[in-house]
Amino acid sequence: MTDERPAWARRMVEERAARDWSQADAVRALMARLPEDQVVSEQDLLRQWKRWEAGEAQPTKYRSVIAQTFGTTTGAFFPERSRRDGRAEVLQVSGMDTVDIIARLRASDVDVATLDALRITADRLCCEYAYMPADQLLMEGKAWLARVVGLQHQRVNLAQHRELIALAGKLSLLVGCVEYDSGRPRDAEATRQAALMLGQEAGDLSVQGWAHEMRAWFALTRGDYRGVIAAAEAGIVVAPNESVAAQLYAQKAKAWARLGDRSQTEVALDLGRQILERLPYPENIENHFVVDPGKYDFYRMDALRKAGENRLAEQLAHEVIRAGTDFDGTERSPMRIAEARVTLGVVAAREGDLDTALAYGERALDGDRKSLPSLAMVASDLGQALQSHYAHAPEAREFVVHLRELRGGQ
């Protein structure tokens, strides 16, 4: 039979089961997080909890506390959908398609409508980061970056000049990310530094924060965990109230998890979660430079996998896959899903299921859109699990060789 309960109701059951909690255990954990002035009896709350898990009632005033109880964000546990068609929006807002925009740029006609179209085009490209082939996205990103940079020397007012600088910074961030994904770290670092300078010139704290986040990401994939923490802290100082700060804390959590410090990992994750809880739900969760609430499940999954929390990591991996897949099976977040499959492979390997571990690992590596450094870093956990548990199995050795080739091809 089809389970027709809301996704949040099913997740309440799964999160509780992953912790080996009874419903009463879950209620006590929730009550420990309620404000002191919110008085409710355990018996009444247990009755409500049962109705929530059955999908018979919505936990309206308890949503944020339920999410906190399970270590995630309200927006991830009770998601809103806010997808947009970026190309359609350019036409709708400005009345221009790509050909019209380029024609205006060539004519040096930089008016409000043209700037709106450029801004939305940049946002569209940032939304397409998750799934567009890297070579195509790199070509488009560089082309639009050149067009925006070319406008800086035209006759524009101060506000327009500042916006053009900020747009150039955002496009530089995108280009740098794709360069790094494609195994071009030197180019990516130069582009990142350019983005940081553009963000500073424009006074755009978000662009500056993301430039520091890229530095943290680069350091993480190189195994420079202290460098990750330093870069993240520098970014948090610059942009403490921007959504990028949540991702900077998440990168710190990844680094602390790899350094084996569980306490610091949990502190960093919770600080990032608190930032997301304070911010309004994003207008467009598809934009790579917007930290959508569901992304925190992705980061927690990584930290829990490193900590050996198999059941919790497995539960979150399934959640990441569900959240990143449309109703028709289309994968909107293939890179996140690939890392979730690696996590499922690691758990399977640790629990003695070699065939399932290899199946998840092979599917993760076969995707068309991938970030080679990030995937290689995560997949190394699967390689270690296979070497530890199945050192003499030919198929395991073959897969480990494949992983080494992946890392060598960066």
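Since the model is a prediction, treat every value here as computed from it, not as a measurement.

1. Section: the overall build of the protein
Here is step 1: Regarding its fold elements, the protein presents 21 helices and zero strands.
Here is step 2: A compact globule built from 410 residues would reach a C-alpha radius of gyration of about 22 Å, and the protein, at 23 Å, matches this within 12%.
Here is step 3: C-alpha atoms of the protein, sized along the principal axes, occupy 70 × 60 × 45 Å.
Here is step 4: When each of the 410 residues of the protein is scored for burial, the buried share is 53%.
Here is step 5: By sequence separation, contacts in the protein at least 24 residues apart represent 65% of the contacts at least 6 residues apart.
Here is step 6: For the protein, the accessible surface area stands at approximately 18700 Å², while carbon and sulfur atoms represent 48% of it.
Here is step 7: Averaging the coordinates of the 53 positive side-chain charges in the protein and doing the same for the 61 negative ones gives two points 2 Å apart.

2. A look at the packing of aromatic side chains
Here is step 1: Under the criterion given, the structure shown has 13 aromatic pairs.
Here is step 2: Ring plane angle 25° and centroid distance 4.1 Å describe the contact between Tyr-180 and Phe-218, whose orientation is recorded as stacked. In this pair, Tyr-180 is assigned in helix H10 (residues 158-181) and Phe-218 in helix H12 (residues 205-222), connecting sequence segments 38 residues apart.
Here is step 3: Sitting above the plane of the Trp-144 ring, Arg-147 keeps its charged end 4.5 Å from the centroid.

3. Quick notes on the pattern of salt bridges
Here is step 1: Throughout the structure, instances matching the rule amount to 32 salt bridges.
Here is step 2: Residues Glu-14 and Arg-322 are paired through a salt bridge, measuring 2.7 Å at the closest nitrogen-oxygen approach. With Glu-14 in helix H1 (residues 7-18) and Arg-322 in helix H17 (residues 310-323), this pair connects stretches of sequence that are 308 residues apart.
Here is step 3: A relative accessible area of 27% means that Glu-14 is categorised as partly exposed.
Here is step 4: The exposure class assigned to Arg-322 is partly exposed, which follows from its relative accessible area of 38%.
Here is step 5: The partner of Arg-124 in a salt bridge is Glu-140, and the shortest N-O contact between them spans 3.5 Å. Within this pair, whereas Arg-124 is found in helix H8 (residues 112-127), its partner Glu-140 is found in helix H9 (residues 134-151), the two being separated by 16 residues in sequence.
Here is step 6: Note on Glu-140: relative accessible area 18%, which makes it buried.
Here is step 7: One salt-bridge network, in which partners are shared between bridges, spans Arg-11, Glu-14, Glu-15, Arg-19, Asp-297, Glu-319 and Arg-322.

4. A closer look at the confidence of the model for the protein
Here is step 1: Taken as a whole, the protein shows an average pLDDT of 87; of its residues, 90% reach a score of 70 or greater.
Here is step 2: Here helix H6 (residues 86-94) is the element of the protein with the lowest mean pLDDT, 44, and helix H13 (residues 225-238) is the one with the highest, 98.
Here is step 3: Scored below 50 in pLDDT, residues 83-99 makes 33 contacts in the model with residues more than four places away or belonging to other chains.

5. A few points about a negative patch on the surface
Here is step 1: A contiguous patch of negative charge, built from Glu-351, Asp-353, Asp-355, Glu-362, Asp-366, Asp-368, Glu-395 and Glu-398, is present on the exposed surface.
Here is step 2: Secondary structure elements with two or more residues in the negative patch: helix H19 (354-365) and helix H21 (394-408).
Here is step 3: Summarising the element assignment, Glu-395 is placed in helix H21.

6. Regarding helix H3 (residues 42-54)
Here is step 1: Over its 13 residues, H3 runs 18 Å from end to end, which matches the ideal 18 Å to within 8%, given 1.5 Å per residue.
Here is step 2: Among the residues making up H3, those that are buried are Leu-45, Trp-49, Trp-52 and Glu-53. Looking straight down H3, one finds its buried side chains confined to an arc of 90°; they lie on one side.
Here is step 3: At the C-terminal side of H3, Gly-55 shows a positive phi close to 75°.

7. Notes on the packing of helix H14 (residues 244-258) against helix H16 (residues 295-306)
Here is step 1: Contact geometry for H14 and H16: axes closest at 8 Å, N-to-C directions at 10°. Classified by the interaxial angle, the pair formed by H14 and H16 is roughly parallel. Judged by residue contacts, Ala-246, Gln-247, Tyr-249, Ala-250, Gln-251, Lys-254, Ala-257 and Arg-258 of H14 engage Lys-295, Tyr-296, Phe-298, Tyr-299, Asp-302, Ala-303, Arg-305 and Lys-306 from H16.
Here is step 2: Looking at side-chain class alone, the contact of H14 with H16 contains eight nonpolar, two polar and six charged residues.

8. Some words on the nonpolar core
Here is step 1: Core analysis: the largest hydrophobic core is formed by 58 residues, its most contacted members being Leu-118, Tyr-129, Leu-173, Leu-174 and Tyr-296.
Here is step 2: Residue contributions to this core peak at twelve residues, all from H10.
Here is step 3: Core analysis: the second largest hydrophobic core is formed by 34 residues, Val-228, Ala-255, Ala-338 and Ala-393 among them.

9. Some thoughts on the state of the cysteines
Here is step 1: Counted according to the given criterion, the structure contains zero disulfides.
Here is step 2: Distance from the sulfur of Cys-126, which forms no disulfide, to the nearest cysteine sulfur (Cys-127) is 7.1 Å.
Here is step 3: Of all cysteine sulfurs, the one in Cys-126 lies closest to Cys-177, which takes part in no disulfide; the gap is 8.6 Å.
Here is step 4: Classification of Cys-177 by relative accessible area gives buried; the value is 2%.

Quick notes on the rules
- Residues numbered from 1 in each chain as written.
- Predicted model: local features only at pLDDT ≥ 70, side-chain atom pairs only at ≥ 80, totals over all residues.
- Heavy atoms only, no water.
- Helix = DSSP H or I, 4+ residues; strand = E, 2+ residues; numbered from the N terminus.
- Rg over C-alpha atoms; globule rule 2.2 N^0.38 Å.
- Buried < 20%, exposed > 50% of the residue type's maximum accessible area, 1.4 Å probe, protein only.
- Contact = heavy atoms within 4.5 Å.
- Areas by Shrake-Rupley, 256 points an atom, 1.4 Å probe, with all protein chains shown as cover.
- Lys, Arg positive; Asp, Glu negative; His and termini not counted.
- Charge placed at Lys NZ, Arg CZ, Asp CG, Glu CD.
- Phe/Tyr/Trp six-rings, centres within 6.5 Å; stacked < 30°, edge-to-face > 60°.
- Lys NZ or Arg CZ within 6 Å of the ring centre and 35° of its normal.
- Salt bridge = Lys/Arg side-chain N within 4 Å of Asp/Glu carboxyl O.
- pLDDT = per-residue confidence, 0-100.
- Patch = residues over 30% accessible without salt bridge, like charges linked within 9 Å, V, L, I, M, F, W, Y side chains within 5 Å.
- Expected span 1.5 Å × (residues − 1).
- Arc of directions from axis to C-beta.
- Axes fitted to C-alpha atoms, helices over the stretch in contact; angles between N-to-C directions.
- Parallel < 35°, antiparallel > 145°, perpendicular 65-115°, else oblique.
- Nonpolar A, V, L, I, M, F, W, Y, C, P; charged D, E, K, R; others polar.
- Core = buried A, V, L, I, M, F, W, Y, C linked by side-chain atoms within 4.5 Å.
- Disulfide = S-S within 2.5 Å.

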